[in-house]
Amino acid sequence: MAPGKKKKTPLPTILPAAATTSYSINNGALEGVHHNGGHQNNNGTGNVNGKKKGGSKKSSTKKLHQNQKTRDSDCCSINFVKYVLHIFNIIFFMSGLVIIGVTLWTVLWKHQYISLLSTTNYAIGTYSLLAAGLLALLGGVLGCCGVWRENRALLLGYTFILLFVFLLEATVGSLAYLYETQIELELQHSLNSTFMEQYGVSERQTDAIDRMQQEFGCCGAVRFEDWRYSVWLRSRRKDLIRPTEGRRVPDSCCISMAPKCGLSDGPSNIPYTGCIYRMADDLRHHLILLGAIGLGICVIQIFGMILSCCLYVKLRNVLD
């Protein structure tokens, strides 16, 4: 070293503090502390927790939307099912009116002959079909209210009414066809005894026999000679509803009915055909009509039950 020169002392080099990051777990949450030059940044905890909470909310909302359906989801929308069900309710209501009309006609015009039958099948079938018609009217109104208000409770009650009406109509229709094959055999066993034993004794059955002979143009159960063996003609009772007074047949047998026209039983005065054949044909045709109405209309209820169940399920899953 040369004399007179001072030795230079090198300055110490100050290095920046190394950036370190420490992690700690606090109450199950991941916390990150960043050390940079003596300064700390504690933002790690909020970011991690925020990401986790936000992600869980989004996933749960997505799953909820996937489980629920909209009004126009699936192949048929709710509005379409409601429209078809309204059309069905109109048809269902009109079918109830048809059933009530036919059964009331049966009760008013044909029910007078029921007292001459030995069983009550005809009466039970008629009144059961009348009940089905009344329930059809009630079900039509209930169905319209349920569809219009989108009320699932009303739709459920409407479905049960459809099921009950279906069972009634199917049962009556089947019994009518079965009874139609037996009506003539029943009349052969019961009608003749009713003519022979009840005419002039029972007022209800006497009136029914008189109306039958006039309406059908017949005389006696099987033939006009049946009257010769009847209680009315042979008993000579004084308390008879229709006094004999020398008559050979009731006045209702006469072609042209007049007082005491039954004194003569000639072919020009009375018909020789018995009433059993005309009555059997009339009841058979009427039973076929009741059976066709019962079995034919009950098929309509199947479509109604399917539509109402479909709307019920859709309303349960739809988004409000």
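Going by the structure above, here's the rest.
Parameters and conventions
Residues numbered from 1 in each chain as written. Predicted model: local features only at pLDDT ≥ 70, side-chain atom pairs only at ≥ 80, totals over all residues. Heavy atoms only, no water. Helix = DSSP H or I, 4+ residues; strand = E, 2+ residues; numbered from the N terminus. Buried < 20%, exposed > 50% of the residue type's maximum accessible area, 1.4 Å probe, protein only. Areas by Shrake-Rupley, 256 points an atom, 1.4 Å probe, with all protein chains shown as cover. Axes fitted to C-alpha atoms, helices over the stretch in contact; angles between N-to-C directions. Parallel < 35°, antiparallel > 145°, perpendicular 65-115°, else oblique. Left-handed = near helix turned anticlockwise from the far one by under 90°. Nonpolar A, V, L, I, M, F, W, Y, C, P; charged D, E, K, R; others polar. Disulfide = S-S within 2.5 Å. Polar contact = N/O pair within 3.5 Å; in protein donor to acceptor, adjacent residues only side chain to side chain. Contact = heavy atoms within 4.5 Å. Core = buried A, V, L, I, M, F, W, Y, C linked by side-chain atoms within 4.5 Å. Phe/Tyr/Trp six-rings, centres within 6.5 Å; stacked < 30°, edge-to-face > 60°. Lys NZ or Arg CZ within 6 Å of the ring centre and 35° of its normal. Salt bridge = Lys/Arg side-chain N within 4 Å of Asp/Glu carboxyl O.

Before going further, it helps to spend a moment on the overall build of the chain. Along the chain, the regular secondary structure elements total 8 helices and 3 strands. Overall, the chain shows an N-to-C arrangement of helices and strands of β-β-β-α-α-α-α-α-α-α-α. Taking all 320 residues of the chain together, 39% fall into the buried category. Of the accessible surface of the chain, which amounts to about 19,100 Å², a share of 61% is contributed by carbon and sulfur atoms.

Before going further, it helps to spend a moment on the packing of helix α2 (residues 78–110) against helix α3 (residues 121–149). Following both chains from N to C, one finds α2 and α3 inclined at 155°, their axes separated by 8 Å at the closest point. One finds that α2 runs roughly antiparallel with respect to α3. Every pair of crossing elements has a handedness; the one defined by α2 and α3 is left-handed. Considered class by class, the residues forming the contact of α2 with α3 number 19 nonpolar, 10 polar and 2 charged.

The next thing to look at is the state of the cysteines. A complete count under the given rule lists 3 disulfides for this structure. What pairs with cysteine 219 in a disulfide is cysteine 253, and their sulfur atoms sit 2.3 Å apart. A torsion of 85° about the S-S bond marks the disulfide between cysteine 219 and cysteine 253 as right-handed. Pair noted here: cysteine 219 is in the loop between α6 (203–216) and α7 (231–234) and cysteine 253 is in the loop between α7 and α8 (275–317), with a separation of 34 residues, a long-range link. We note that cysteine 219, like cysteine 253, is buried. Disulfide connectivity for the chain, with bonded cysteines indexed by sequence position, reads 1-6, 2-3, 4-5. Between cysteine 144, a free cysteine, and cysteine 145, which holds the nearest cysteine sulfur, the sulfur-to-sulfur gap is 7.0 Å. Of the residues examined, cysteine 144 reaches a relative accessible area of 30% and is grouped as partly exposed. You can call cysteine 145 partly exposed: its relative accessible area is 36%.

Secondary-structure assignment places aspartate 226 in the loop between α6 and α7. Judged by its relative accessible area of 9%, aspartate 226 falls in the buried class. Here the side chain of aspartate 226 touches valine 222 through a polar contact of 2.9 Å, landing on its backbone nitrogen. If near-sequence neighbours (up to four positions away) are discounted, aspartate 226 is found in contact with Asn192, Met196 and Ala221.

Here we come to the nonpolar core. Among the nonpolar cores identified, the biggest contains 37 residues, and Phe195, Trp227 and Met279 are the most heavily contacted of them. Residue assignment for this core shows that the elements contributing at least two residues are α3, α4 (152–180), α5 (183–198), α6, α7 and α8. Per-element tally for this core: the top contributor is α8, with 6 residues. When neighbours within four sequence positions are excluded, methionine 279 is seen to be in contact with Tyr113, Leu116, Leu117, Leu187, Leu191, Met212 and Phe216. In terms of nonpolar packing, the next biggest core, distinct from the first, is built from 18 residues, Leu85, Tyr158, Leu311 and Leu315 among them.

By the element assignment, phenylalanine 195 lies in helix α5. Its relative accessible area of 0% is what places phenylalanine 195 among the buried residues. In this structure the C-alpha to C-alpha distance between phenylalanine 195 and tyrosine 229, which are 34 residues apart in sequence, comes to 10.0 Å. The residues contacting phenylalanine 195, other than those within four sequence positions of it, are Ile209, Met212, Gln213, Gly220, Ala221, Trp227, Ser230 and Cys275.

The next thing to look at is the packing of α4 against α8. For the pair α4 and α8, interaxial distance at closest approach is 7 Å and the crossing angle is 160°. The angle between α4 and α8 falls in the class roughly antiparallel. Once α4 is placed against α8, the crossing between them reads as left-handed. Residue composition of the contact of α4 with α8, by class: 23 nonpolar, 8 polar and 5 charged.

Attention shifts here to the packing of aromatic side chains. Within a pair of aromatic rings, the relevant descriptors are the distance that separates the centres and the angle that separates the planes. According to the stated counting rule, one finds 6 aromatic pairs in the structure shown. Arranged with centres 5.8 Å apart and planes meeting at 10°, the rings of phenylalanine 88 and phenylalanine 92 form a pair that is stacked. Separated by 4 residues within a single helix, phenylalanine 88 and phenylalanine 92 lie in helix α2, roughly one turn from each other. Exposure class is identical for phenylalanine 88 and phenylalanine 92. Each is buried. Its guanidinium or amino end placed over the ring of tyrosine 312, arginine 152 lies 5.4 Å from that ring's centre, counting from NZ or CZ.

To continue, consider the pattern of salt bridges. With the rule as written, the count across this model stands at 11 salt bridges. A salt bridge links arginine 247 to aspartate 251; its shortest N-O distance comes to 2.9 Å. Judged by relative accessible area, arginine 247 falls into the buried class, the value being 11%. Among the charged side chains, a network of salt bridges with common partners joins Glu245, Arg247, Asp251 and Lys260.

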